[in-house]
Amino acid sequence: MIAGSMLSYEGKKRAVLLLIALGVAVWIAVDAAAGGSAHWSRVLARLPLLLTGSASGWPINGGFVLNIMLSLASMALATALGTIMGLATLARFGPIRVPAFLLMNFLRNSPWLVLLFATLYFLPFEMHVFGTVIPFPPFVKAVIGLALPTAANFSEVIRGAVQSIHSGQWEAARSLGYGTGQIYRHVIMPQALRRMIPGWMNLYALLMIATALATVTGIQDVLTILNTLLAMENERVIVYFYLTILFLFIAYCYPIAAIARRWERAVKGESL
Amino acid sequence: MNRVDALIELDNVRKSFGDVPVLKGISMFVQKGEAVCIIGPSGSGKSTVLRCINGLIPVDDGFVRVGAHRVHEMRSEKQMRALRHQVAMVFQQYNLFPHRTALENIMMAPIQVLGHDRAEVEERARKLLKKVRLSEKADSYPGQLSGGQQQRVAIARALAMQPDVILFDEVTAALDPETVKDVLFAIRELVEEGLTCILVTHEMKFAREVSQRVCFTDRGLIVESAPPAELFDNPQDPRTREFLGQVL
Ligand SMILES: Nc1ncnc2c1ncn2[C@@H]1O[C@H](COP(=O)(O)OP(=O)(O)O)[C@@H](O)[C@H]1O
Ligand SMILES: [Mg+2]
């Protein structure tokens, strides 16, 4: 009975998505016939620039590829920071746990754009450490600015996964003589890792979408390039450019979210 | 009974969770090689007694000794390790590690905790699987085993630590009736081999057959303690009579 209604829900969802896709396709076709194809060809001519930041498509100077690179670098940093923060919020020792918990909640509840501005203005242009100069170009600031809220959200994913492991696992491991660190390493983390993956992937999709905000740092990401471009284009074409960028993000992020959802279902069905 | 000779000794053990007193002065002794059953209504503190014996729960007051270990004085994980080596526990919900196969479940702790040699441990683990009649399930994951099979793996896992005592906490309560007897058979064998066992159970027939002594607990106290024939056929306390009247 439940399985039946679930199936029809899945079916309905698929039908709705198909209808939307069909609607968009029909609209594009009708619009193209009504003179829109001229606009689309302008977009097509600029597509290499939007994707790579150079008109011929090579070398890579920015564009959507820069957004992807930004998201990957930021995610790597966020994963490292988030793991440390997540484990710190699970510590039994108060002086570690409480500050980590406060920091996590502060970062999780701040608007991403505000954190980005904060790193932009608080981080120096370069830092001198023991005579060596570490520069902070806008790209690095964007990586850090986006990694902060992502790390906080990832640490919550870790916490949730660890706490979702049944307390019987702790009891059994303790009764076998394992210490706390060993229990995390041999019993809890291997199980929690599987449960973290969907949350981690969802977070990556969110982060990729948020890289559009990085245009405020002045890096040559897809939005910055678009804004320069639009100065040269007529107003009627703007919509087509924005639609194209929207489509780029959706095409990149939707499959990730879809895989994450499938995995989530698989993990949920797992017995304890 | 001589309490100094006893392998396990509890004296006036008290434990509260928050404001709720759960153990209100438990005293009991278990000799080496003895099988003692604990029966009593749900919530009377049976599981808590077992958890106090292997130090999973610190006691508020009283004296707990297992062999040379004075459990009530232990604080650090390191001290606990030697105790846990000596006292194993089997749980109602099996609590096998789901990301490991049956064989690995049995081998993990002896290697990772006791530091025993892997080859020697594997041989021991395969012997134990054979003993609980699950040799062919060595490479199955817990999720692929029935409740009764999982529980027998859990028993083998406890035995792999080569303990002096095993604590069983209602190990058949979550099982289908047809798999209960396989598990009870495995436990009966251990008792007959002379392993010291404390069994919390609702299987009155089993308790009568295997144990040398039965303790009846009610509301945090051991109300009555006697050899099974005496306790079941001629209970002294009215609360014991009432409980047995309900379950038999
Ligand atoms: N960790 C705990 N925290 C709070 N209360 C607990 C905890 N463990 C057990 N209790 C309470 O202690 C009482 C005795 O529990 P338990 O020893 O599990 O009883 P039994 O095994 O005889 O059913 C119950 O009322 C239970 O709710
Ligand atoms: Mg219990």
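Residues numbered from 1 in each chain as written. Chains lettered and ligands numbered in written order. Predicted model: local features only at pLDDT ≥ 70, side-chain atom pairs only at ≥ 80, totals over all residues. Heavy atoms only, no water.

**A few points about the overall build of chain A**
Thinking step 1. When its secondary structure is counted, chain A shows nine helices and two strands.
Thinking step 2. When the helices and strands of chain A are read in sequence order from the N terminus, they spell out α-α-α-α-β-β-α-α-α-α-α.
Thinking step 3. Burial status across chain A gives 40% buried among its 272 residues.
Thinking step 4. Counting only contacts in chain A whose residues sit at least 6 apart along the sequence, the fraction spanning at least 24 positions is 69%.
Thinking step 5. Element-wise, carbon and sulfur atoms account for 74% of the exposed surface of chain A, whose accessible area totals about 14,900 Å². (Helix = DSSP H or I, 4+ residues; strand = E, 2+ residues; numbered from the N terminus. Buried < 20%, exposed > 50% of the residue type's maximum accessible area, 1.4 Å probe, protein only. Contact = heavy atoms within 4.5 Å. Areas by Shrake-Rupley, 256 points an atom, 1.4 Å probe, with all protein chains shown as cover.)

**Quick word on the sheet that holds strand S10 (residues 221-226) of chain B**
Think of a sheet as strands paired side by side through backbone hydrogen bonds, with each pair either parallel or antiparallel.
Residues and elements named next belong to chain B.
Thinking step 1. What the six strands build is an open sheet, ordered S6-S7-S8-S3-S9-S10; its pairing is mixed. Of all the strands in the sheet, just strand S6 (87-90) and S10 have a single pairing partner and so form its edges. Averaged over all pairs of adjacent strands, the angle between their axes in this sheet comes to 20°, without regard to strand direction.
Thinking step 2. As paired strands, strand S3 (residues 35-39) and strand S9 (residues 213-218) are joined by four bridges and run parallel to one another. What sits directly across from Ile38, in S9, is Cys215.
Thinking step 3. Set on the sheet, helix H1 (residues 46-53) makes contact with S3, S6, strand S7 (165-169), strand S8 (196-200) and S9; between it and S7 the angle comes to about 155°. (Pairing = 2+ DSSP bridges. Axes fitted to C-alpha atoms, helices over the stretch in contact; angles between N-to-C directions.)

**Quick notes on the site of ligand 1**
All names here are of chain B.
Thinking step 1. Around ligand 1 sit Phe17, Val22, Pro41, Ser42, Gly43, Ser44, Gly45, Lys46, Ser47 and Thr48, and those are all the residues in its vicinity.
Thinking step 2. Between an oxygen atom of ligand 1 and a main-chain N or O atom of Gly43, the distance comes to 2.7 Å.
Thinking step 3. Ser44 places a polar main-chain atom, nitrogen or oxygen, 3.3 Å from an oxygen atom of ligand 1.
Thinking step 4. Look at ligand 1: alone it shows 560 Å² of surface, and the protein chains cover 54% of it.
Thinking step 5. Examining the composition of the shell around ligand 1, we find that three residues originate from one element, H1, more than from any other. (Near = heavy atom within 4 Å. Polar contact = N/O pair within 3.5 Å; in protein donor to acceptor, adjacent residues only side chain to side chain.)

**Side note on the confidence of the model for chain B**
Thinking step 1. The predicted model of chain B has a mean per-residue pLDDT of 92, with 99% of residues at 70 or higher.
Thinking step 2. Model confidence for the complex: the whole-complex pTM is 0.84, and ipTM, which rates the interface, is 0.92. (pLDDT = per-residue confidence, 0-100.)

**Details of a positive patch on the surface**
Residues and elements named next belong to chain A.
Thinking step 1. Residues Arg14, Arg261, Arg262, Arg265 and Lys268 make up a contiguous surface patch of positive charge.
Thinking step 2. In terms of residue count, the dominant contributor to the positive patch is helix H9 (residues 235-269) (four residues).
Thinking step 3. By secondary structure assignment, the location of Arg14 is in helix H1 (residues 2-52). (Patch = residues over 30% accessible without salt bridge, like charges linked within 9 Å, V, L, I, M, F, W, Y side chains within 5 Å. Salt bridge = Lys/Arg side-chain N within 4 Å of Asp/Glu carboxyl O. Lys, Arg positive; Asp, Glu negative; His and termini not counted. Charge placed at Lys NZ, Arg CZ, Asp CG, Glu CD.)

**Let's talk about the sheet that holds strand S2 (residues 20-30) of chain B**
All names here are of chain B.
Thinking step 1. Spatially, S2-S1-S4-S5 is the arrangement adopted by the four strands of the open sheet, whose pairing is antiparallel. Where the open sheet ends on each side, the last strands, each with one partner, are S2 and strand S5 (69-70).
Thinking step 2. By the bridge criterion, eight bridges tie strand S1 (residues 8-17) to S2 in an arrangement that is antiparallel. When the bridges of S2 are listed, Val13 appears paired with Ile26.
Thinking step 3. Most of the contacts of H1 go to S2, to which it runs at about 60°, and overall it touches S1, S2 and strand S4 (61-66).

**Observations regarding the pairing of S1(B)**
Residues and elements named next belong to chain B.
Thinking step 1. The hairpin formed by S1 and S2 contains two residues between the paired strands, and Gly18 there has a positive phi angle of roughly 65°.
Thinking step 2. Sheet analysis places S1 next to S4, joined by five bridges and oriented antiparallel. When the sheet's bridge partners are listed, Leu10 is paired in S4 with Val64.

**Looking at the environment of Tyr204(A)**
All names here are of chain A.
Thinking step 1. Summarising the element assignment, Tyr204 is placed in helix H7 (residues 180-210).
Thinking step 2. Considered as a pair, Tyr204 and Leu90 are 114 residues apart in the sequence and their alpha carbons are 23 Å apart.
Thinking step 3. Not counting residues up to four positions away in its chain, the partners in contact with Tyr204 are Ile68, Ser71, Leu72, Met75, Tyr252 and Ile256.
Thinking step 4. Among the polar contacts listed, one links the side chain of Tyr204 to the side chain of Tyr252, at a separation of 2.8 Å.

**Description of the packing of helix H5 (residues 147-159) of chain B against helix H6 (residues 177-192) of chain B**
All names here are of chain B.
Thinking step 1. Relative orientation of the contacting elements H5 and H6 amounts to 20°, with a least axis distance of 8 Å. The orientation of H5 with respect to H6, classified from their angle, is roughly parallel. Helix-helix and strand crossings are classified by hand; for H5 and H6 the assignment is right-handed. For the pair formed by H5 and H6, the contact residues are Gly148, Gln151, Arg152, Ile155 and Leu159 on the first element and Thr179, Asp182, Val183, Ile187 and Leu190 on the second. (Parallel < 35°, antiparallel > 145°, perpendicular 65-115°, else oblique. Left-handed = near helix turned anticlockwise from the far one by under 90°.)

**As for the pattern of salt bridges**
All names here are of chain B.
Thinking step 1. Summed over the entire model, instances satisfying the criterion amount to 21 salt bridges over all chains.
Thinking step 2. Taking the shortest distance from any N to any O, the salt bridge between Arg51 and Asp169 comes out at 3.0 Å. With Arg51 in helix H1 and Asp169 in strand S7, this residue pair connects regions lying 118 residues apart in the sequence. Residue Arg51 shares its accessibility class with Asp169, and that shared class is buried.
Thinking step 3. Between Asp182 and Arg152 there is a salt bridge; the shortest N-O distance is 3.9 Å. You can see Asp182 sitting in helix H6 and its partner Arg152 sitting in helix H5, a full 30 residues away along the chain.

**Here's the deal with the environment of Thr79(A)**
Residues and elements named next belong to chain A.
Thinking step 1. Locating Thr79 in the fold gives a position in helix H2 (residues 63-90).
Thinking step 2. Along the backbone, Thr79 and Ser155 are 76 residues apart, and their C-alpha atoms lie at a distance of 8.4 Å.
Thinking step 3. Leaving out residues up to four positions away in the same chain, Thr79 has contacts with Phe154 and Trp200.
Thinking step 4. A polar atom in the side chain of Thr79 sits 2.7 Å from the backbone oxygen of Met75.

**Focus: the packing of helix H3 (residues 102-112) of chain B against helix H4 (residues 118-131) of chain B**
Residues and elements named next belong to chain B.
Thinking step 1. Following both chains from N to C, one finds H3 and H4 inclined at 135°, their axes separated by 9 Å at the closest point. Taken together, the axes of H3 and H4 are oblique relative to one another. Considering only the axes of H3 and H4, their crossing is right-handed. Contact with H3, carried on its side by Leu103, Ile106, Met107, Pro110 and Ile111, involves Arg118, Val121, Glu122, Arg124, Ala125, Arg126, Leu128 and Leu129 of H4 and no other residues of that element.

**A short note on the pairing of S4(B)**
Thinking step 1. Pairing of S4(B) with S5(B), which is carried by two bridges, proceeds in the antiparallel orientation. Among the inter-strand pairings, Arg65(B) is bridged to a residue of S5(B), identified as Arg70(B).

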